[in-house]
Amino acid sequence: MRAVDLTYPEVGATRHGPLPGGYHHLRHRYPLPVGCFEAAAEAVLTWRLHRAAGVRIRTDAPRATEGVLVSSGLGVGPARIWGPCRVIWSEQSPILAGFGYGTLTGHPERGEEAFVVGRDHDGAVWFEVRAFSRPSRWFTRAGGPAVRAVQHAYAWWLGRTLRRLCAGR
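Engineer: Can you help me understand the sheet that holds strand β1 (residues 24-32) in this one?
Structural biologist: By definition, the strands of a sheet pair up through backbone hydrogen bonds, in either a parallel or an antiparallel sense. Strand order in the open sheet formed by seven strands is β1-β7-β6-β5-β4-β3-β2, with antiparallel pairing between adjacent strands. Each of the sheet's edge strands pairs with one partner strand only, and the pair in question is β1 and β2 (56-59). The mean inter-strand angle of the sheet, taken between neighbouring strand axes irrespective of direction, is 20°. By the bridge criterion, four bridges tie β2 to strand β3 (residues 69-74) in an arrangement that is antiparallel. What sits directly across from I57, in β3, is S72. Where helix α4 (residues 145-167) meets the sheet, it contacts β1, β3, β6 (109-119) and β7 (125-135), and its direction lies at approximately 20° from that of β1.

Engineer: How should I be thinking about the pattern of salt bridges in this particular structure?
Structural biologist: Here the idea is simple: oppositely charged side chains can pair when their charged atoms come close. Across all of its chains, the model carries six salt bridges by this definition. R15 is paired through a salt bridge with E91; the nearest N and O atoms lie 3.2 Å apart. Of the two residues, R15 sits in the segment before β1 while E91 sits in strand β4 (residues 81-92), which places them 76 residues apart along the sequence. On the basis of relative accessible area, E91 is assigned to the partly exposed category, the value being 24%. In this structure, E42 engages R63 in a salt bridge whose closest nitrogen and oxygen atoms are separated by 2.9 Å. Within this pair, whereas E42 is found in helix α1 (residues 37-45), its partner R63 is found in the loop between β2 and β3, the two being separated by 21 residues in sequence. In this structure E42 comes out as partly exposed when scored by relative accessible area, which is 36%. Overall, R63 belongs to the partly exposed group, its relative accessible area being 27%. Because the salt bridges share partners, they merge into one network encompassing R27, R29, E128 and R130.

Cut-offs and rules
- Starting from 1, residues in each chain are numbered consecutively following that chain's sequence as written.
- Selection of residues for local features in this predicted model requires a pLDDT of at least 70, selection of side-chain atom pairs for listing and counting requires 80 or more, and totals for whole chains, interfaces and linings are taken over all residues.
- Hydrogens and water are ignored here; the side-chain numbers use all heavy atoms of the structure.
- Two strands qualify as a pair provided that DSSP identifies no fewer than 2 bridges between them.
- A run of DSSP states H or I qualifies as a helix once it reaches four residues; a run of E qualifies as a strand once it reaches two. Both are numbered from the N-terminal end.
- Convention adopted: a line fitted to C-alpha atoms gives each axis, helices being fitted over their contacting stretch, and angles between N-to-C directions are expressed from 0 to 180 degrees.
- In what follows, a contact means two residues having at least one pair of non-hydrogen atoms within 4.5 Å.
- A pair is scored as a salt bridge if a Lys or Arg side-chain nitrogen falls within 4 Å of a carboxyl oxygen belonging to Asp or Glu.
- Working definition: with a 1.4 Å probe on protein chains only, accessible area under 20% of the residue-type maximum means buried, over 50% means exposed, and in between means partly exposed.

Right, dumping it as structure tokens:
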């Protein structure tokens, strides 16, 4: 992986404020067991969640911190599609932990995705995936609504996987 420019101008929009217009939006919130905030936060920030969900991860750091390069691989063998990204924000506090990464040249989409674990005042713990994207390669343009359905299924799968990881703390 080499450091190249992000492929979209709305850098950081998954962290603050509304998601930008002109993109497909995804927001999926998944409840987690009470008391698992620390374990869930660690799984998200160390790439453990993605690996446990069956995603191949290539990265230049063991934790998701600002500036880290990461490429996620979905699929198998020669059909695996790699998505190079750069972590553009990361946060870890007593009530919120997660990161957002933005697409780099070569990614099949253009946009940003965030993976966040939160703890409410009543102790409820949740995991949220929020993203904005649009196709940047011919096959994601051709896939149309099927690509968006895969994105939503992937967000749901990450939530289910994180719940399983929390249960096995």
